[in-house]
Amino acid sequence: MSLLTLLALAVALGSDAFSLCVGIGMAGVNRRQIAYISFTVLVFHIIMPLLGWYVGGYLGSRVGKAAAVAGALLLLYLGVRMVWEAVKPGTDEPQFVITNALGLLLLAASVSMDALSVGFTLGTRRVSLTLAAGVIGLVAGAMTFTGLTLGKYVGGWIGERAQVVGGIILTAIGIKLFF
């Protein structure tokens with residue numbers, strides 16, 4: 001997997017955090033909360049792909065090519081689901097209340113679940129573990145920080161568009177992995 005593809009994947013994974021954090025930023029957060037939330041999302045976006053990585057690597061060594069195909073299909077599914085959830089009418093994002101450490105951990109876990117699945121796919125593709133986890137974590141942390149900060153100034157119209165773009169990127173990478 002090229003560095004450009006890895007960056008695109010990281011942006012796609014970070015789009016959920018960005019989208020949600022635009023809304024949180026609109027509700028109002030201070031600098032310390034922005035730092036805590038951004039750092040926690042960064043850490044979760046490193047841990048979750050690593051967990052998925054080990055499961056994917058194990059299955060890849062046991063099942064071979066079928067695991068790589070399953071990983072590509074998983075990315076396609078995640079991408080299409082992200083786009084669908086952003087454009088389907090009549091649904092609102094769940095509201096998160098971050099009043100304590102548990103709320104912060106639940107927020108970080110909820111926006112990093114896709115990273116767990118992507119880690120599985122990366123494990124079947126034999127991508128550099130350190131590079132992939134680092135890039136995914138740093139990009140997600142930066143997108144979280146940006147979403148929280150922009151949320152104060154630009155409103156809710158960015159969040160939905162970011163999720164659509166992220167879903168399209170995941171779908172494209174899933175298709176690319178077939179070839």
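Conventions we followed
Residues numbered from 1 in each chain as written. Predicted model: local features only at pLDDT ≥ 70, side-chain atom pairs only at ≥ 80, totals over all residues. Heavy atoms only, no water. Helix = DSSP H or I, 4+ residues; strand = E, 2+ residues; numbered from the N terminus. Contact = heavy atoms within 4.5 Å. Expected span 1.5 Å × (residues − 1). Bend = angle between axes of the 7 residues up to and from the residue. pLDDT = per-residue confidence, 0-100. Core = buried A, V, L, I, M, F, W, Y, C linked by side-chain atoms within 4.5 Å. Buried < 20%, exposed > 50% of the residue type's maximum accessible area, 1.4 Å probe, protein only. Polar contact = N/O pair within 3.5 Å; in protein donor to acceptor, adjacent residues only side chain to side chain.

Chemist: Please provide a residue-by-residue account of the environment of Leu42, values included.
Modeler: Within the secondary structure, Leu42 sits in helix α2 (residues 31-63). Residues within four places of Leu42 in sequence aside, it is in contact with Gly137, Leu138 and Gly141.

Chemist: Hey, could you go over helix α4 (residues 101-125) for me, with residue numbers and the actual values?
Modeler: In a regular helix each residue adds 1.5 Å, so 25 residues correspond to 36 Å; α4 covers 35 Å between its end C-alpha atoms and thus fits that length. At Ser112, α4 is bent by approximately 45°, the largest bend along its length.

Chemist: So what about the side chain of Thr144? Which residues, and what values?
Modeler: Along the chain, Thr144 turns up in helix α5 (residues 129-154). Setting aside anything within four residues of it in sequence, one finds Thr144 in contact with Ala17, Cys21, Ile37, Ser38 and Val41.

Chemist: Go over the confidence of the model for the chain, please, and point to the residues and values.
Modeler: Confidence in the prediction of the chain, expressed as mean pLDDT, is 77, and 74% of residues score 70 or more. Per-element confidence in the chain ranges from a low mean pLDDT of 70 for helix α6 (residues 157-177) to a high of 89 for α5.

Chemist: Account for the nonpolar core, with residues named and values stated.
Modeler: One finds Ile24, Ile37, Val41, Leu122 and Leu148 to be the most contacted residues of the largest nonpolar core, which totals 33 residues. When contributions to this core are tallied by element, the ones reaching two or more residues are α1 (3-27), α2, α4 and α5. Discounting chain neighbours no more than four positions away, the residues touching Leu148 are Cys21, Val22, Ile24, Gly25, Val29, Ile34, Ile37 and Ser38.

Chemist: Tell me what's going on with the environment of Leu7, and back it up with residues and numbers.
Modeler: Following the sequence through the fold, Leu7 ends up in helix α1. Non-local contacts of Leu7, meaning those with residues more than four positions away in its chain, are made with Val135 and Val139.

Chemist: Describe the environment of Leu105, with residues and values.
Modeler: Position of Leu105 relative to the elements: it lies in helix α4. Separated by 64 residues in sequence, Leu105 and Val41 have C-alpha atoms that sit 8.5 Å apart. Not counting chain neighbours up to four residues away, the residues in contact with Leu105 comprise Thr40 and Phe44.

Chemist: Please set out the side chain of Ser38 residue by residue, giving values where relevant.
Modeler: In this fold, Ser38 is placed in helix α2. Given the relative accessible area of 8%, Ser38 is considered buried. A polar contact is formed between the side chain of Ser38 and the backbone oxygen of Ile34, at a distance of 2.8 Å. Within the structure, the side chain of Ser38 is placed 3.3 Å from the backbone nitrogen of Phe145, a separation counted as a polar contact. Ignoring sequence-local partners within four residues, the contact set of Ser38 consists of Gly141, Thr144, Phe145 and Leu148.

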